[in-house]
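One letter stands for each residue in the lines below.
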Amino acid sequence: MSTFSVSGLSSGINSGEIISKLMELERRPVNLLKSKQTAYNDKITAYSDLASKVSALKTAADTLRTTSNFYAKKASVSDSAILDASATNSASAGSYTIASHSTAGKIQLAQVEQKSHTAGTAALTTSVNGSGSNKVFQYTYASTQRSLTVANGTTLEGLRDLINSDSSNPGVTATIIYDGSVYKLALTSKDSGSTKTISIDAGTTLDGTSSTVNFTSSAFTTNQSAQDAKLRINGIDITSSSNVVTGVITGLTITLKKESTSSVTVAVTNDTDSIKKKIDDFVTAYNNVINFVASKSTWNSTTKTGGSLLGDATARDVVRRLKEMVISTVSAASSDVDSLTEIGITTNSKDGTLSINSTTLGDKLSAKIDDVAKLFATTTTGIANQIWSYADTVTKTTDGALTIRKSGLQSVVNNIASNIKTLETRLVKVEDDLRRRFTALESLLSGLTSQGTFLNSQITRWNK
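By convention here, each chain's residues receive numbers from 1 onward along its written sequence. pLDDT decides what is reported in this predicted model: residues at 70 or higher carry local features, side-chain atom pairs at 80 or more are listed and counted, and totals for whole chains, interfaces and linings draw on all residues regardless. Excluding hydrogens and water, the side-chain values take into account all heavy atoms of the structure.

> Run through the pairing of strand 5 (residues 135-141), naming residues and quoting values.
Only protein chains enter the area calculation, which uses a 1.4 Å probe; residues under 20% of their type maximum are buried, those over 50% are exposed, and those in between are partly exposed. Helical segments are the DSSP runs of H or I of at least four residues, strand segments are the runs of E of at least two, and each set is numbered from the N terminus. The element strand 5 is extensively covered by neighbouring structure, given that 6 of its 7 residues are classed as buried. The pairing criterion for strands is at least two bridges between them, as found by DSSP. Strand direction decides the pairing type here: strand 5 and strand 6 (residues 144-150), joined by 7 bridges, are antiparallel. Note that in strand 6 the partner of Val-136 across the bridge is Thr-149. Taking the residues between adjacent antiparallel strands as the criterion, strand 5 and strand 6 are bridged by 2 residues, where Ala-142 takes a positive phi near 55°. Pairing geometry for strand 5 and strand 9 (residues 198-200), over 3 bridges, is antiparallel. Considered in strand 9, the bridge of Tyr-141 is made with Ile-198.

As structure tokens, this is what we get:
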């Protein structure tokens, strides 16, 4: 903005207003450039949003372009109070009976071992070692022996903390239990299974002599023995160190919850609901792309303005290619499941979006799951594979069509910004020049006014 000011006191002319109007005319090229800049920025935003929606379509297609994803399984149990079950895609559909183990006489839970000190101490702060020298507490768990140095004056709490804070502790947790009269040290193993036992070893020198509390093996009782889970699956006895039983039946995991002599049936079936959800998500993502481009390609006859993607070749080509893919046929599938239409997914002739007939789709998934999988997942020609590959290509961060288009638009915006800056600099000079001229005019008129006043005064004197 100019630093010159024009008063107009001599001429009576509102010079400031005249300059302002002249500058409005001078600024028209800048305003036109800014309008173009806004329009191009809107296009860049639209392409960013379009790229995001195409990426979402790529993600949805990815869940359908692998055949194994069509064979999702689910497991149901007849008595969930006794056990739970879950199945992966690799599980075979069928029915499995979980019954009592032949030797255990029941469905048996795996257990961790628990030992507790029999005598206990009168207080938490009772010293377990008052011998005047260091003693040792030694135990073995999971084939690992630990010999802990128990310093003179160590309390029951101190012994507990010594076990728990041991950096080489193999998996034993020490706690203190108050039974109403004394405090007892309890040891619990980390893992279940018959081999995960805790033994108090002969190296323990806290033996009840020389002012020590007896923590040798004889001073502990086993409250719960380590044991394996035992069950019978379809007539075969199974033993497991964990209550989560895996690997017995491929793809099936059984989680035991309660011991029982009752039998439980586990049914593994195709999870068509999850497949339908994947297909529904795919159709939604596809429609989001089509609808978005359509919404940005409209023409407003009232305002005579078009959407940010109206007439844009790149966006139009994306829609054209996608529409071609969803109506293509896949020869690898059977003739009655070789297109999306055959499984109940039809194209709306008005706007090109897809609609799903849930009943038809469900019937095809139940009766011809293999062909539905081929329709989507056949290498190269499968619908999901085609769309995934195309979406991946156009959204690449270096040479994808959408990325290149955005980059080109950004270059235009940058050039416009440079031109605006150049014009703004010129306009400052134009305004300064106008103000100088009007200032000079005012100065000239002021001088002429002064001369006129002088001459009038002289004439008046002469007339006298």
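Here the narrative resumes, following the displayed structure.
> Before we move on, can you summarise the environment of Ala-151 with the specific residues and values?
Tracing the backbone shows Ala-151 in the loop between strand 6 and helix 3 (156-164). For Ala-151, a relative accessible area of 35% corresponds to the partly exposed category. As a C-alpha pair, Ala-151 and Gly-130 span 21 residues in sequence and 9.0 Å in three-dimensional space. The contact definition used throughout considers only heavy atoms, calling two residues in contact when any of these lie within 4.5 Å. Beyond its immediate chain neighbours, meaning those up to four positions away, Ala-151 contacts Asn-129 and Asn-134.

> Tell me about the packing of aromatic side chains, and name the residues and values.
A pair of Phe, Tyr and Trp rings is counted when the ring centres sit within 6.5 Å of each other, with Trp represented by its six-membered ring. The angle between the planes then sorts it: under 30 degrees is stacked, over 60 is edge-to-face, the rest tilted. If you walk through the whole model with that rule in mind, you get 7 aromatic pairs. Arranged with centres 6.4 Å apart and planes meeting at 85°, the rings of Phe-137 and Phe-215 form a pair that is edge-to-face. Note that Phe-137 is positioned in strand 5 and Phe-215 in the loop between strand 9 and strand 10 (220-224), a separation of 78 residues in sequence. Taking relative accessible area as the criterion, Phe-137 reaches 0% and is therefore assigned buried. Here Phe-282 and Phe-376 contribute two aromatic rings whose centre-to-centre distance is 6.0 Å and whose plane-to-plane angle is 90°, an arrangement assigned as edge-to-face. Linking Phe-282 in helix 4 (residues 272-295) with Phe-376 in helix 7 (residues 369-377), this pair joins segments that are 94 residues apart in sequence. Overall, the relative accessible area of 0% leaves Phe-282 in the buried class. One aromatic cluster is present, formed by Phe-137, Tyr-139, Phe-215 and Phe-220 through successive ring pairs. Directly above the ring of Trp-388 sits Arg-65, whose terminal nitrogen or CZ lies 3.6 Å from the centroid. Consider the ring centre and the ring normal. A charge sits over the ring if Lys NZ or Arg CZ is within 6 Å of that centre and within 35 degrees of that normal.

> How would you explain unusual backbone geometry if you had to name every residue and give the values?
Keep in mind that most residues, glycine aside, have a negative phi and that most peptide bonds are trans. Despite not being glycine, Asn-234 has its phi angle at roughly 50°, a positive value. Structurally, Asn-234 can be placed in the loop between strand 11 (229-233) and strand 12 (236-240). Within the chain, Thr-380 stands out as a residue other than glycine whose phi angle is a positive 75°. Inspection of the secondary structure assignment puts Thr-380 in the loop between helix 7 and helix 8 (383-394). Take Thr-380: its relative accessible area is 60%, and that puts it in the exposed class.

> Provide a residue-level description of the sheet that holds strand 2 (residues 83-87), including the pertinent values.
The 3 strands are arranged 2-14-13 in an open sheet whose pairing can be described as antiparallel. Two strands bound the open sheet, and with one partner strand each, they are strand 2 and strand 13 (244-245). Here strand 2 runs beside strand 14 (residues 252-256); their pairing, made up of 5 bridges, is antiparallel. Following the sheet pairing, Ser-86 is matched in strand 14 by Thr-253.

> Describe the packing of helix 2 (residues 28-62) against helix 8, listing the residues and the values that go with them.
To characterise two packed helices, one gives the angle between the axes of the helices and the distance between these axes. Here, axes are lines fitted to C-alpha atoms. For helices the fit covers the stretch in contact, and angles between N-to-C directions go from 0 to 180 degrees. At a closest axis distance of 8 Å, the pairing of helix 2 and helix 8 adopts a crossing angle of 145°. Read as a crossing pair, helix 2 and helix 8 show a hand that is left-handed. Across from Val-54, Leu-57, Lys-58, Ala-61 and Asp-62 in helix 2, the residues of helix 8 making contact are Ala-384, Ile-387, Trp-388, Ala-391, Asp-392 and Val-394. Residues belonging to the contact of helix 2 with helix 8 are distributed by class as follows: 8 nonpolar, no polar and 3 charged. By convention, the crossing between two helices is left-handed when the near helix turns anticlockwise from the far helix through less than a right angle, and right-handed when the turn is clockwise. Basically, the charged four are Asp, Glu, Lys and Arg, the nonpolar ten are Ala, Val, Leu, Ile, Met, Phe, Trp, Tyr, Cys and Pro, and anything else, Gly included, counts as polar.

> How would you sum up the sheet that holds strand 11? Please name residues and give values.
The 5 strands lie next to each other as 1-15-3-11-12, forming an open sheet whose pairing is antiparallel. Two strands lie at the open edges of the sheet, namely strand 1 (73-77) and strand 12, each paired on one side alone. Across the sheet, the mean angle from the axis of one strand to that of its neighbour is 30°, orientation sign disregarded. Pairing geometry for strand 3 (residues 94-99) and strand 15 (residues 264-270), over 5 bridges, is antiparallel. Directly across from Gly-94, in strand 15, lies its bridge partner Val-268.

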